[in-house]
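# Report on the structure
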Amino acid sequence: MDQQPPGDRAAAGSGVPTPTCYRHPDRETGISCTRCGRPICPECMVSASVGFQCPDCVRQGSGTGHHPAASRPRTLAGGSLAADPRLVTKILVGINLAVFLLVSVRPALVGDLTLLGLAWDPSPPPGSVEGVAEGQWYRLVTSMFLHQEVVHIGFNMLGLWWLGGQLEAALGRSRYLALYLLSGLAGSALTYLIAAPNQGSLGASGAVYGLFGATAVLMRRMNYDMRPVLVLLAINMVFTFTWGGIAWEAHVGGLIAGVVIAIGMVHAPRERRTAVQVGACALVLLASIGLIVARTMSLT
């Protein structure tokens, strides 16, 4: 049986070849290099003045006399291509797992790291007032990496690995890390604003929902079929509002932040890309800080 060359995979029962990335033959794509015409996937595409180019064409140079840095391979969002496109995702998963193991050995850390607005802690005597409103701002971040149950961390890490790898490859490491952390912070901020002051909250769900929102924006930008991710997101939102014990505020806050940041990341005009991307991140950060300050003023 003849083996089909990279770039053409026959659609089942149709006889019509479906383009696949010339560097990753297992990935179907509808985008082609504007210079050589070869199909390229989101991980391989390099943003150009018009359309996208493949890494090989970029390495050959444009012949325009530009500085060599101008011809370096870039991701869709303008980040540098990395040898390991999942490095940051691996580190984030590792941090979450490390904290989970640490808490399993020292359960008392849960009370010190959980997101808490304002509550009285009777132990150890004589007790004390704890929470973000008391100046423990770190809880807004530490709670993003905190899990107590195996099922909880299992679902969150599965979502982080499934969504994070593709986003990291498409955005670049620094932009992807900003997306993850700011989405998690926005989820914590909205939880702090709406939830009861003495209600504890923990988990990476806010950041993961930010990745959900960003994935939807990226797929729309690439003209991919959005139905799978939208169906999965809808199912998760149903669970968010129907299951007990879930901080829906973190899910909604992270989702909104992820959408806003991703729009700035992938739709920024090339000539003002950095300014627009920084602006989108700054907007989410300032909005989160505003919610945190407003809630703190109401509790103190």
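Everything discussed here concerns the structure shown above.
Residues numbered from 1 in each chain as written. Predicted model: local features only at pLDDT ≥ 70, side-chain atom pairs only at ≥ 80, totals over all residues. Heavy atoms only, no water.

### A few points about the overall build of the protein chain
Let me state the cut-off plainly: Helix and strand definitions here come from DSSP, where helices need a minimum of 4 consecutive H or I residues and strands a minimum of 2 consecutive E residues; each element is numbered from the N-terminal end. A 1.4 Å probe rolled over the protein chains alone gives each residue an accessible area, and that area as a share of the maximum for its type sets the label: buried under 20%, exposed over 50%, partly exposed in between. Only the protein chains shown count as cover for residues, and all accessible areas are computed by the Shrake-Rupley method using a 1.4 Å probe.
When you go through the protein chain residue by residue, the secondary structure sums to 10 helices and 6 strands. The 300 residues of the protein chain split such that 46% are buried. Accessible surface, the protein chain as shown: approximately 15,200 Å² in total, 64% of it carbon and sulfur.

### Points about the nonpolar core
Note the threshold: Buried residues of nine kinds, namely Ala, Val, Leu, Ile, Met, Phe, Trp, Tyr and Cys, make up a nonpolar core once their side-chain atoms join them within 4.5 Å. It only takes one pair of heavy atoms within 4.5 Å for two residues to be counted as in contact.
Counting residues in each nonpolar core, the largest one holds 62 residues, and the members touching the most others are Ile40, Leu160, Tyr176, Tyr180 and Leu211. Among the elements of the structure, helix H2 (87-105), helix H3 (109-113), helix H5 (150-171), helix H6 (173-194), helix H7 (205-221), helix H8 (227-242), helix H9 (248-267) and helix H10 (273-299) are those that each provide at least two residues to this core. Looking at this core element by element, the count peaks at 10 residues for H7. Beyond its immediate sequence surroundings of up to four residues, Leu211 is in contact with Leu160, Leu163, Gly164, Leu167, Tyr176, Leu179 and Tyr180.

### Some points on the packing of aromatic side chains
Put simply, the rule is: Aromatic rings from Phe, Tyr and Trp, taking only the six-membered ring of Trp, are treated as a pair when their centres fall within 6.5 Å; an angle between ring planes under 30 degrees marks them as stacked, one over 60 as edge-to-face, and anything in between as tilted. Look at NZ for Lys and CZ for Arg. If either is within 6 Å of the ring centre and within 35 degrees of the ring normal, a charge sits over the ring.
With the rule as written, the count across this model stands at 1 aromatic pair. For the ring pair Tyr209 and Phe212, a centre distance of 5.7 Å and an interplane angle of 55 degrees mean the geometry is tilted. You can see Tyr209 and its partner Phe212 sitting in helix H7, 3 residues apart, about one turn around the helix. The same class applies to Tyr209 and to Phe212, which are both buried. Across from the ring centre of Tyr22, 4.1 Å away, lies the NZ or CZ of Arg38, which sits over that ring. One cation-aromatic arrangement involves Arg86 over Trp161; the distance from NZ or CZ to the ring centre is 4.4 Å.

### A short note on the pattern of salt bridges
Note on pairing: side chains with opposite charge can pair once their charged atoms come close. The line we're drawing: Throughout this description, the term salt bridge denotes a Lys or Arg side-chain nitrogen within 4 Å of a carboxyl oxygen of Asp or Glu.
Going through the model one piece at a time under the given rule, you end up with 4 salt bridges. Of the charged contacts in the structure, one is a salt bridge between Asp56 and Arg38, with a shortest N-O distance of 3.5 Å. Placement of the pair is Asp56 in helix H1 (residues 55-60) and Arg38 in the loop between strand E2 (17-18) and strand E3 (46-47), with a sequence separation of 18 residues. Of the residues examined, Arg38 reaches a relative accessible area of 30% and is grouped as partly exposed. Among the salt bridges present, the one from Arg139 reaches Glu130, with a minimum N-O distance of 3.6 Å. This pair shows no difference in class: Arg139 is buried, exactly as Glu130 is.

### Some words on unusual backbone geometry
The backbone of Asn223 shows a phi angle near 60 degrees, a positive value even though the residue is not glycine. Position of Asn223 relative to the elements: it lies in the loop between H7 and H8.

### Describing the packing of H7 against H8
Our working definition: All axes here are fitted lines through C-alpha atoms, helices being fitted over the stretch that makes contact, and every angle between N-to-C directions spans 0 to 180 degrees. Any angle from 65 to 115 degrees is called roughly perpendicular, while one under 35 is roughly parallel, one over 145 is roughly antiparallel, and all others are oblique. What makes a crossing left-handed is the near helix being turned counterclockwise from the far one by less than a right angle; a clockwise turn instead makes it right-handed. For this classification, the nonpolar set comprises Ala, Val, Leu, Ile, Met, Phe, Trp, Tyr, Cys and Pro, the charged set comprises Asp, Glu, Lys and Arg, and every other residue, Gly included, is treated as polar.
Two elements in contact, H7 and H8, have axes separated by 10 Å at closest approach and are oriented at 155 degrees. Compared by their axis directions, H7 and H8 come out roughly antiparallel. Between H7 and H8 lies a crossing whose hand is left-handed. Residues Tyr209, Phe212, Thr215, Ala216 and Met219 of H7 lie in contact with H8, whose contacting residues are Val229, Leu232, Leu233, Asn236, Met237 and Thr240. Of the residues belonging to the contact of H7 with H8, the class tally is 8 nonpolar, 3 polar and no charged.

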